[in-house]
Amino acid sequence: MTPPMRAAVLGAGLIGVGLADLVHRSPLLDCALVVARDADAAGLRKAADLGVATTGGGIRALLEHDEPPRIVFDATDATAHAEHADLLGGTGTLLVDLTPSNVGHMVVPGVNDADALEHPDLSMISCGGQAVVPLLNALTQVNDAEYIEIVTTAASPGVGRSTRLNLDEYVATTQEAVTRFAGVKQVKAMLNISPARPPATFRVAVTLVGAALDESLVREAVLATEQRMRTYVPGYRVAACVVGAEEAFVAVEVSATGGRIPAYAGNLEIINSAAVRVAELYAGQA
């Protein structure tokens, strides 16, 4: 039996710690190291509780580590990712980018899986992108669309500092991903950070405008997407689906279903699950 592939998580914020837990539980991956800039980061203490090795020093410490990982998950911020890609380029390491930097090649599980085996720097787009690109890719294969609007709502406690610093990148990268995978030029993405208490469950609402929409085909595509998404994101569900002659409205909610992520923080759950999914595809084929 092939041993699990060594992986490291770069970043120990909300996404990084949840990701370390998910990688640690993967049968195909070995979470060998979690790296933060600050050796005293609270996230490193949480990662250490999992039994995972940790270190401060950021990307330089990772590069100087005795046994380099085959896979590095970048859970830092969009501005840092370009440097990380440059430093890891040519090392043979697969870099899986969970920031909205839009530096690497965009990959969405179930949509373009083969690309995970061909590119050394993979962009996971954004949590909203991972929630709706599979859906919109399926919908635009059976209906023509002229305009797509995406409104993402995430609970404030589940949105870390790095994400807040990258809001503009989040919107731009999500829009570009929808244009690329759905083939629609007119796309508008918005992100709401909700202060509601109790925290609101992560939700993404999509409005698709097109001529002569086929209600049965829309509902069929939505149901098929929901079923496929639940194979690696069990908390993914369609909360609403309303179809008219020229407009369809679909809302999806994602709840975290295990590990160390609160149930409302489906934004962390979906991007981490997507990242691990593509890393497992790579590990299974390497």
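The model shown is predicted, which means the values in this text are computed figures rather than measured ones.

Looking at the sheet that holds strand β10 (residues 202-209)
The strand order across the open sheet built from 5 strands is β9-β8-β10-β12-β11, with neighbouring strands paired in mixed fashion. Taken across any chain shown, the strands that pair with only one partner, and hence form the sheet edges, are β9 (186-194) and β11 (236-243). Pairwise comparison of adjacent strand axes, ignoring direction, gives a mean angle of 15 degrees for this sheet. With 7 bridges connecting them, β11 and strand β12 (residues 247-254) associate as antiparallel partners.

Some words on helix α8 (residues 215-229)
With 15 residues, α8 ought to run about 21 Å at 1.5 Å a step, and its terminal C-alpha atoms sit 21 Å apart, in line with that. For α8, the complete set of buried residues consists of V218, A221, V222, T225, E226 and M229. Summarising the axial view, the buried residues of α8 lie within an arc of 135 degrees, below the 170-degree limit, and thus occupy one face. In α8, the exposed positions that point more than 90 degrees away from the buried face belong to E220 and Q227.

Things to note about the UniProt feature "binding site: NAD(+)" (unreviewed entry) in the protein chain
Feature annotation in UniProt assigns "binding site: NAD(+)" (unreviewed entry) to the following positions: N267. Of note, N267 is situated in helix α9 (residues 266-285). In contact with N267, not counting residues within four places along its chain, are C127, A154, G158, V159 and F202. Within the structure, the side chain of N267 is placed 3.0 Å from the backbone oxygen of G158, a separation counted as a polar contact.

Description of the environment of L217
Among the structural elements, L217 can be located in helix α8. Between the C-alpha atoms of L217 and V151, which are 66 residues apart in sequence, the distance is 23 Å. Look past the residues within four positions of L217 in its chain and what remains in contact with it is V142 and N143.

Considering the pattern of salt bridges
Counting across every chain of the model gives 8 salt bridges. Here R60 makes a salt bridge to E83, at a shortest N to O gap of 3.9 Å. Pair noted here: R60 is in helix α3 (residues 58-63) and E83 is in helix α4 (residues 78-88), with a separation of 23 residues, a long-range link. The class for R60 is partly exposed, based on a relative accessible area of 46%. On the accessibility criterion, E83 (40% relative accessible area) is partly exposed. A salt bridge links E253 to R203; the nearest nitrogen and oxygen atoms lie 2.8 Å apart. Of the two residues, E253 is situated in strand β12 and R203 in strand β10; the sequence distance between them amounts to 50 residues. The class of E253 is buried, set by a relative accessible area of 16%. Look at R203 and you get partly exposed, because its relative accessible area is 28%. Several salt bridges share partner residues, and in doing so they unite R203, R237 and E253 into one network.

About the thresholds
- Residues numbered from 1 in each chain as written.
- Predicted model: local features only at pLDDT ≥ 70, side-chain atom pairs only at ≥ 80, totals over all residues.
- Heavy atoms only, no water.
- Pairing = 2+ DSSP bridges.
- Helix = DSSP H or I, 4+ residues; strand = E, 2+ residues; numbered from the N terminus.
- Axes fitted to C-alpha atoms, helices over the stretch in contact; angles between N-to-C directions.
- Expected span 1.5 Å × (residues − 1).
- Buried < 20%, exposed > 50% of the residue type's maximum accessible area, 1.4 Å probe, protein only.
- Arc of directions from axis to C-beta.
- UniProt positions renumbered as here; feature names shortened; annotations may be inferred.
- Contact = heavy atoms within 4.5 Å.
- Polar contact = N/O pair within 3.5 Å; in protein donor to acceptor, adjacent residues only side chain to side chain.
- Salt bridge = Lys/Arg side-chain N within 4 Å of Asp/Glu carboxyl O.

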